[in-house]
Amino acid sequence: MPRTAYFISDGTGITAETLGRSLLAQFEGIELNLMVKPYIDTLEKAHTLAATIAQTAERDGARPIVIDTIVDQAIRTIIAESPGFKVDIFSTFLAPLEEELATHSTYTVGRTHAISRDDIYMHRIDAVHFALDNDDGARTHQYDQADVILVGVSRCGKTPTSLYLALQFGIQAANYPLTEDDLDEDGTLSMPKALAPYRHKLFALTIDPRRLAAIRSERRPNSRYCSMDQCMQELQQAEALFRRYHIPYIDTTRFSIEEISTRMIAETSLTRRFSPR
């Protein structure tokens with residue numbers, strides 16, 4: 001029987017959803033309908049949501065899972081009275097921390113994702129702009145400013161990884177696509193001239209050819225670009241290049257963007273300019 005889970009917050013809901021998804025991911029055999037409810041910041045909204053939770057319980061024939069990071073005690077009380085299985089993240093962890101630190105929490109709504117430091121916020125914006133400006137080999141003359149340059153065949157995950165590194169860690173990531181233009185006369189993939197001076201900044205991504213063909217089919221169905229033969233050939237040449245020049249690389253087939261980025265940072269000397277939000 002499918003169950004419903006609510007991620008509830010009087011702020012953005014990002015913390016409740018992130019922690020909630022991490023907890024629920026441990027239960028692979030359960031079918032879950034996930035509902036995010038941010039900005040439950042008034043008594044009226046709380047009562048409306050409590051009624052919705054009650055309707056869900058009646059429909060499903062089981063208590064919804066309610067995971068929240070609500071600060072306001074009056075709103076928390078209303079939600080707590082709804083017929084859900086409640087996981088109150090703040091009350092679970094803040095009370096023991098208050099005791100250990102011998103002080104009371106400020107219980108401030110939205111503190112986790114607020115713009116608390118202008119320098120961090122501006123660096124985040126600059127890093128995102130850099131990733132966009134240097135996407136897909138657009139501006140190779142800026143590679144001296146890059147913290148890392150992602151390389152790989154088209155559609156292997158370079159762009160989303162670059163943006164995630166920028167947004168979450170402030171890392172200036174460029175990315176360069178390996179294409180047939182980089183082939184030598186004998187058909188061997190050579191080190192692109194734009195990348196040669198920055199070999200120490202290179203990090204490569206690869207992917208299973210069947211997965212790559214499926215991704216490319218969504219963009220250009222029934223084309224040579226998405227054919228299995230083309231995907232296999234490009235990946236074989238790319239991986240040969242990575243091995244020849246000792247470029248570290250990750251197979252992205254079964255990893256999320258978060259996992260790819262974290263593994264990259266763990267395997268290189270990349271420095272996080274701030275902690276992820």
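A few points on the structure.

The rules behind each value
- Residues numbered from 1 in each chain as written.
- Predicted model: local features only at pLDDT ≥ 70, side-chain atom pairs only at ≥ 80, totals over all residues.
- Heavy atoms only, no water.
- Buried < 20%, exposed > 50% of the residue type's maximum accessible area, 1.4 Å probe, protein only.
- Helix = DSSP H or I, 4+ residues; strand = E, 2+ residues; numbered from the N terminus.
- Arc of directions from axis to C-beta.
- Contact = heavy atoms within 4.5 Å.
- Polar contact = N/O pair within 3.5 Å; in protein donor to acceptor, adjacent residues only side chain to side chain.
- Pairing = 2+ DSSP bridges.
- Axes fitted to C-alpha atoms, helices over the stretch in contact; angles between N-to-C directions.
- Core = buried A, V, L, I, M, F, W, Y, C linked by side-chain atoms within 4.5 Å.

**A closer look at helix H3 (residues 73–80)**
And step 1. Taken together, the buried positions of H3 are Ile-75, Arg-76, Ile-78 and Ile-79. Taken end-on, H3 shows its buried residues confined to a sector of 160°, consistent with a single buried face.
And step 2. Where the residues of H3 are buried, they touch strand S1 (3–8), helix H2 (43–60), strand S3 (65–68), strand S4 (85–88) and helix H4 (89–101).
And step 3. The N-cap residue of H3 is Asp-72: its side-chain oxygen and the backbone nitrogen of Ala-74 are 3.0 Å apart.

**A look at the sheet that holds strand S8 (residues 249–251)**
And step 1. Taken in spatial order, the four strands make up an open sheet running S6-S5-S7-S8, and their pairing is parallel. The open sheet has two edge strands with one neighbour each: strand S6 (173–177) and S8. Averaged over all adjacent pairs, the angle separating strand axes in this sheet is 25°, with direction ignored.
And step 2. Across three bridges, the pairing between strand S5 (residues 148–152) and strand S7 (residues 202–206) is parallel. From the neighbouring strand, Leu-150 faces S7, where its bridge partner is Phe-203.
And step 3. Helix H6 (residues 158–169) rests against S5, S6 and S7 of the sheet, and its axis sits at about 175° to S6.

**Observations concerning the nonpolar core**
And step 1. Ranked by size, the top nonpolar core spans 40 residues in total, and within it Val-148, Ile-149, Val-151, Leu-165, Leu-195 and Met-264 carry the most contacts.
And step 2. Looking at this core, the elements that each hand over two or more residues are S5, H6, S6, S7, helix H7 (209–219), helix H8 (228–244) and helix H9 (257–267).
And step 3. The element that contributes the greatest number of residues to this core is H8, accounting for five residues.
And step 4. Val-148 has contacts with Leu-165, Ile-171, Gln-172, Ala-173, Ala-174, Lys-201, Phe-203, Met-264 and Leu-270, leaving out every residue within four places of it along the chain.
And step 5. Core analysis: the second largest hydrophobic core is formed by twelve residues, Ala-46, Ile-70, Ile-75 and Ile-78 among them.

By themselves, these figures tell us nothing about what the structure is for.
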